[in-house]
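# Descriptive analysis of the structure
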Amino acid sequence: MGRSEEELEELARRLHAALASAGVDTGPAMEISRIARWAHEAGTDLRRRHRLVRDLDAQRPGFSVSVPDGVFVLLPDRYSDQQARVSGYQAADLFERAAAGDKGALRSLRNYEQYSGNPYFAAGLLARLGAVGVLNVPFGLARLLHVDGERGDTMAKADAADARTAVELLGRALADGTRPLSAGYAGDDFLTALTAAGRSGFPPGNNNPHYFGYQGLGTILGSAGEGVKYSDAFIQVVGRDMLSYARRHDDSTWRAVPDAAGIPSPESSEHYLRGLLLAAGASRQGAQLLLDHTPPGEKSSNLHYLLHDRRRVWAGTDHGTALGAALRAAASGGDDRSGKVFDEIVRVLGADQLKLLKYEAGGLKITDRAAFDELSGLRAAMGDILVGRLDHVATRLYAAEDSGHIARGSREETRLLLAVIADTVTDDAAYTALFKAHVGHLRLWIDDRRRRGHAGEIGLAMGAGSVGRLLALRTETMKALRIQEDKVNASFRTKIDFGLGLVDPTAYLARFGVPAEITGPAGAKVFDEIGRYLVERFGERAEKANTEGHRISDEDRMRDLVNQMLLSSTVAHLRYEQDDVEGWPFAKDGKILPPLSWDRAQAESFYWWCKERDVPFPEAGGTVNEAIERSHDRAVRSFAGAGGER
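Keep in mind it's a predicted model, so treat the numbers as computed, not measured.

### Describing the confidence of the model for the protein
- On average, residues of the protein score 80 in pLDDT, and 77% of them reach the 70 mark or higher.
- Counting contacts from residues 402-409, a segment whose pLDDT is below 50, to residues more than four positions away or on other chains yields 13 contacts.
- Every residue in residues 508-522 scores below 50 in pLDDT, and together they form 27 contacts with partners more than four places removed in sequence or on other chains.

### With respect to helix H21 (residues 428-452)
- Given a rise of 1.5 Å per residue, 25 residues ought to cover 36 Å, and the 36 Å separating the end C-alpha atoms of H21 matches this to within 8%.
- At the N-terminal boundary of H21, the capping side chain belongs to Asp-427, with an oxygen 3.1 Å from the backbone nitrogen of Ala-429.

### Looking at helix H20 (residues 411-424)
- Between the first and last C-alpha of H20 there are 20 Å, a value that for 14 residues agrees with the 20 Å anticipated at 1.5 Å per step.
- For H20, the buried fraction is high: 12 of the 14 residues fall into the buried class.
- Along H20, the residues classified as buried are Glu-413, Thr-414, Arg-415, Leu-416, Leu-417, Leu-418, Ala-419, Val-420, Ile-421, Ala-422, Asp-423 and Thr-424.

### Thoughts on a negative patch on the surface
- A cluster of acidic residues, Glu-577, Asp-579, Glu-582 and Asp-589, forms a negative patch on the protein surface.
- Along the polypeptide, Asp-589 turns up in the loop between strand E7 (587-588) and strand E8 (591-592).

### Examining the packing of helix H11 (residues 273-280) against helix H12 (residues 284-291)
- As a packed pair, H11 and H12 sit with axes 7 Å apart at the nearest point and diverge in direction by 135°. Relative to H12, H11 is oriented oblique. From H11, Leu-276, Leu-277 and Ala-280 reach across to H12, where they touch Gly-286, Ala-287 and Leu-290.
- Taken together, the residues of the contact of H11 with H12 break down into five nonpolar, one polar and no charged.

### Description of the nonpolar core
- Core analysis: the largest hydrophobic core is formed by 144 residues, its most contacted members being Tyr-230, Phe-234, Leu-307, Ile-345, Val-562 and Phe-639.
- Looking at this core, the element that brings in the most residues is helix H5 (residues 119-151), giving 14 residues.
- Not counting chain neighbours up to four residues away, the residues in contact with Phe-639 comprise Leu-354, Leu-357, Lys-358, Tyr-359, Leu-364, Arg-415, Leu-418, Ala-419, Ala-422 and Leu-473.
- Among the nonpolar cores identified, the runner-up in size contains 15 residues, and Val-503, Leu-574, Leu-596 and Trp-609 belong to it.

### With respect to the pattern of salt bridges
- Counting across every chain of the model gives 30 salt bridges.
- Arg-97 is paired through a salt bridge with Asp-93; the nearest N and O atoms lie 3.5 Å apart. Residue Arg-97 and its partner Asp-93 are both found in helix H3 (residues 79-99); the two are separated by four residues, about one turn of the helix.
- Arg-97 gets classed as partly exposed once you look at its relative accessible area, which sits at 37%.
- Residue Asp-93 is classed as partly exposed on the basis of its relative accessible area, which comes to 27%.
- With its nearest N and O atoms 3.3 Å apart, the salt bridge here joins Lys-340 to Asp-292.

Rules of the game
Residues numbered from 1 in each chain as written. Predicted model: local features only at pLDDT ≥ 70, side-chain atom pairs only at ≥ 80, totals over all residues. Heavy atoms only, no water. pLDDT = per-residue confidence, 0-100. Contact = heavy atoms within 4.5 Å. Helix = DSSP H or I, 4+ residues; strand = E, 2+ residues; numbered from the N terminus. Expected span 1.5 Å × (residues − 1). Polar contact = N/O pair within 3.5 Å; in protein donor to acceptor, adjacent residues only side chain to side chain. Buried < 20%, exposed > 50% of the residue type's maximum accessible area, 1.4 Å probe, protein only. Patch = residues over 30% accessible without salt bridge, like charges linked within 9 Å, V, L, I, M, F, W, Y side chains within 5 Å. Areas by Shrake-Rupley, 256 points an atom, 1.4 Å probe, with all protein chains shown as cover. Salt bridge = Lys/Arg side-chain N within 4 Å of Asp/Glu carboxyl O. Lys, Arg positive; Asp, Glu negative; His and termini not counted. Charge placed at Lys NZ, Arg CZ, Asp CG, Glu CD. Axes fitted to C-alpha atoms, helices over the stretch in contact; angles between N-to-C directions. Parallel < 35°, antiparallel > 145°, perpendicular 65-115°, else oblique. Nonpolar A, V, L, I, M, F, W, Y, C, P; charged D, E, K, R; others polar. Core = buried A, V, L, I, M, F, W, Y, C linked by side-chain atoms within 4.5 Å.

This is how it looks when you write it as structure tokens:
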């Protein structure tokens with residue numbers, strides 16, 4: 001083609017000269033010159049494509065079409081995308097060689113990390129490997145690394161690191177290549193082929209297979225790394241089938257799994273569904289598609305199966321940590337389906353934990369500690385879920401206590417919810433998140449009512465009762481677990497004694513750029529900052545309080561906390577003139593000082609100031625005090641008659 005370009009350009013030059021000398025229009029010559037320039041540009045691209053096709057032919061491409069005139073290879077328009085697809089074919093060859101034990105090929109796969117997340121690379125890789133080839137990679141790498149371990153190979157750690165990189169690269173490519181409408185989508189047939197390969201024995205062609213394909217897929221999914229999201233189509237087709245297979249093949253489901261994320265061995269105790277749950281947990285929709293589904297022929301949902309039927313299996317692995325990631329994603333939203341998933345979690349988990357909790361005269365008892373901790377890895381996720389549903393939980397519990405039933409169920413549902421909370425608060429991180437969220441939420445609720453000029457006695461009772469129940473359940477479960485010193489609760493109690501509720505969070509909210517809520521991670525920073533300030537300011541008072549020899553009940557502390565919040569919020573939103581406070585001890589330069597800085601005399605003077613001006617003094621009323629006083633008994637006595645057989 002290069003010669004044709006030159007000939008066209010020469011023809012255009014001569015024609016232009018002839019037409020110009022004749023004094024006629026030179027347009028035809030200019031058009032031929034334009035065609036010559038196009039031929040030059042197109043020729044360069046065609047020569048590049050020709051080289052690429054030769055390379056593709058050597059790689060046995062999967063994207064080709066046979067027609068009467070020959071074989072057409074389907075290529076992306078951009079050269080960089082074409083090169084990415086070729087690199088996918090090349091990487092596939094290296095994966096096959098690495099799975100066969102070639103360490104050099106395994107190391108060479110590091111050169112393809114630059115293509116991680118490239119859909120064209122994924123398209124080439126999956127087309128070349130096929131579904132069986134993809135699932136065979138973890139098994140081959142497991143054998144390679146296991147041999148390293150048996151031989152005491154000095155390169156074992158380096159090989160293991162290379163294996164982790166390779167499987168992560170494969171996992172990201174699988175996510176890209178199974179995403180419909182993506183440029184790298186391998187097609188619906190590939191998803192179907194994955195389900196068939198997942199149910200097949202491995203190594204391929206072995207009459208006595210050691211593993212089945214879904215075990216390899218579990219390793220790939222669990223190694224893909226953070227930020228990798230598998231499509232809804234993948235979860236719906238492959239994920240659901242993977243879980244259905246597990247449900248119907250209990251005899252093989254719990255075999256050892258080759259774990260290419262470390263130095264694997266046939267004795268590995270990791271469970272292959274862990275990878276699926278982590279993948280599903282990367283998105284709310286994916287998690288809901290997997291969990292909120294009852295397969296044909298089954299009587300219970302996937303959520304019930306994973307949370308109840310398999311809880312003793314999780315006790316032997318990660319104690320439900322991966323399951324927690326999926327539950328957190330599925331139940332934390334404000335949509336109806338998230339609410340449905342949350343309700344089922346409460347029914348299933350609550351029923352199991354309720355059987356292990358029993359209220360007696362001496363307090364709350366845990367009848368079987370080992371069984372109670374089977375899903376201990378789930379508690380952090382449940383803390384996050386409950387934080388996200390504070391209003392829902394508080395309303396449900398308060399309504400049940402007030403009327404004996406709740407809108408969507410009975411008092412039994414209240415007991416189930418309290419059982420879930422009791423289980424969750426045994427985890428320090430989960431309890432800390434819940435306590436901070438409840439306190440922050442209560443303060444903001446009070447501020448909102450003060451701005452509007454509303455008392456909100458019922459809402460305040462509801463919020464105070466929620467915090468009271470948390471304190472009660474934490475205290476009782478720690479006693480039941482025979483944990484002598486609860487440092488987390490002691491820290492919260494100290495902050496309340498220092499005047500936690502007196503601190504106006506506005507300044508801290510502004511400092512951290514937090515909007516009108518302090519229930520999330522940013523809210524935790526605000527809480528911690530306030531806590532540090534209190535400890536620094538009143539550290540000596542703490543030492544004195546610890547030596548006075550008297551104890552303050554949790555109910556008294558809750559009452560103090562609520563009254564502190566009411567006082568602080570009232571002062572923050574109080575409308576007054578400078579002359580109104582002139583000469584009063586609690587004010588300076590015509591402004592009321594922060595209540596946290598008051599001594600007893602200043603606090604008493606503010607009380608009398610309110611009396612003189614007929615301003616309601618901010619303190620909890622009878623409804624609130626009753627809610628606080630009864631929060632402990634209502635929380636723990638709900639377990640009376642529980643503790644049945646599992």
